[in-house]
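What the coordinates show
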Amino acid sequence: MATSKQIAGIDIIELPTEWPVGPVNVFLIRGEKLTLVDCGRKLEKAWNTFNSVLRECGLSIMDIEQIVLTHHHGDHTGFLDWILEKNPVPVFAHTNCRPYLSRDDFHFKRGVEFFANFYKEFGISEESAKELAGSRGWNQGQRNKIEITLELDEGIPIPGLSEWQVIETKGHAQSHISLYRSSDQVLLCGDHLIKHTPAGIFLESPIFPETERSKPLIQYINNLKKCLDIPVRAALSGHGDIIDNLPALINETLQKIDKRADRVKSKLLNGRKTGYELVREIYPDRFEKAIIVLASDMIGLLDLLLERGEIFSENESGVLYYHA
Ligand SMILES: [Zn+2]
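Residues numbered from 1 in each chain as written. Predicted model: local features only at pLDDT ≥ 70, side-chain atom pairs only at ≥ 80, totals over all residues. Heavy atoms only, no water.

**A word on the pairing of strand β13 (residues 319-323)**
Inclusion rule: Only protein chains enter the accessibility calculation, which uses a 1.4 Å probe; a residue is then buried when its area is under 20% of its type maximum, exposed when over 50%, and partly exposed in between. Secondary structure elements follow DSSP: runs of H or I of four or more residues count as helices, runs of E of two or more count as strands, with numbering from the N terminus. Following DSSP output, two strands are said to pair if at least two bridges run between them.
Across the five residues that make up β13, a large majority, four, are buried. Here strand β12 (residues 312-316) pairs with β13 via five bridges, running antiparallel. Bridging from a neighbouring strand, E316 pairs with V319 of β13. Adjacent in sequence and paired antiparallel, β12 and β13 are bridged by two residues, among which S317 carries a positive phi angle near 50 degrees.

Right under this line is the structure:
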């Protein structure tokens, strides 16, 4: 059953997904403008639950005055266009949501090329690399042909939500933002942190052509540390329960990342390996089915070890080999 808890002007609405992460939370903030944060999966059952919870609150789709998106993933932007069809309100989101929301075919074409090259460098055969890149499993977005009304980023005030600040929290997605209300130290952290599971770190193709790819795990760690400096009494996550001890969860997450990086490094002490060889060795039962997610995760750990000077890489005929 859906739950709707009210926390000082915020309704938390839990909606079903068909994904392993479980239900997704969307939020109604009763600011100067009634603001919906995130839009669940594009599923009939999620849409029906959303509408019935609104009814229980004495509201309807027509009462929503604006929408803020924490990031572009399909469990947070799913039924955005169903709302806008009924009630075309302004949509505020990070600029990196744009190609995913506006169905930018040029971005996806370039993305296929980017990932074909990335998988090849990762040590996957050229043929399989092309196939994986073409499968678009790397595209986590819901493509709706929607234009963002206002691009949000750290420091940009949100119209109709004067109590809230935008905090850029890239890592889980290149479009990820969190919202912070200092008066009662509430952080709406999207998928930056999830209490019951580590937030996935996903490699994305560059939004602007010819720019270097992002290093999502390094960004993620920096943004975890940034959130350690902010006093937070309650963090409302995109999935699962409210996080009431955010610093503890952040420190635990940082320690787990270090442990996993150490494990990867230990595999590189006795000779060089490609990213793909590392994935096969560490996840012998999972690598075939989950290669897109595992490659994304592994490149994050390799980026981190390279940045820390703990490993080195060499490019041989377009394939990257790593050694400690
Ligand atoms: Zn999510």
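**Some details on the coordination of the zinc ion**
Our working definition: Donor atoms: N, O and S within 2.8 Å of the metal, or within 3.2 Å for Na, K and Ca. Because water is excluded, sites can look incomplete. In short, tetrahedral needs four donors with all angles between 85 and 135 degrees, square planar needs four and octahedral six donors with opposite donors over 155 degrees apart and all other angles between 65 and 115, and whatever is left is irregular.
D75 (OD), H76 (NE2), D191 (OD) and H239 (NE2) make up the full set of protein donors to the zinc ion, lying at 2.0 to 2.2 Å. Its four donor atoms give the zinc ion angles of 84 to 164 degrees at the centre, a pattern that matches the irregular case. On the primary sequence, the residues serving as donors to the zinc ion are separated as D-H-x114-D-x47-H. With H76 in helix α2 (residues 74-77) and D191 in the loop between β10 (186-190) and α7 (216-228), this pair connects stretches of sequence that are 115 residues apart. Accessibility expressed as a relative area gives 0% for H76, which makes it buried. Overall, the relative accessible area of 3% leaves D191 in the buried class.

**Remarks on the sheet that holds strand β8 (residues 164-168)**
Note the cut-off: Simply put, an axis is a line fit to the C-alpha atoms, just over the touching stretch for a helix, and the angle between two N-to-C directions goes from 0 to 180 degrees.
The four strands are arranged β8-β9-β10-β11 in an open sheet whose pairing can be described as mixed. Because the sheet does not close on itself, it has two edges, and the strands there are β8 and β11 (234-237). Across the sheet, the mean angle from the axis of one strand to that of its neighbour is 25 degrees, orientation sign disregarded. In the sheet, β10 pairs with β11 via four bridges, with the strands oriented parallel. The residue bridging L187 from the neighbouring strand is A235, located in β11.

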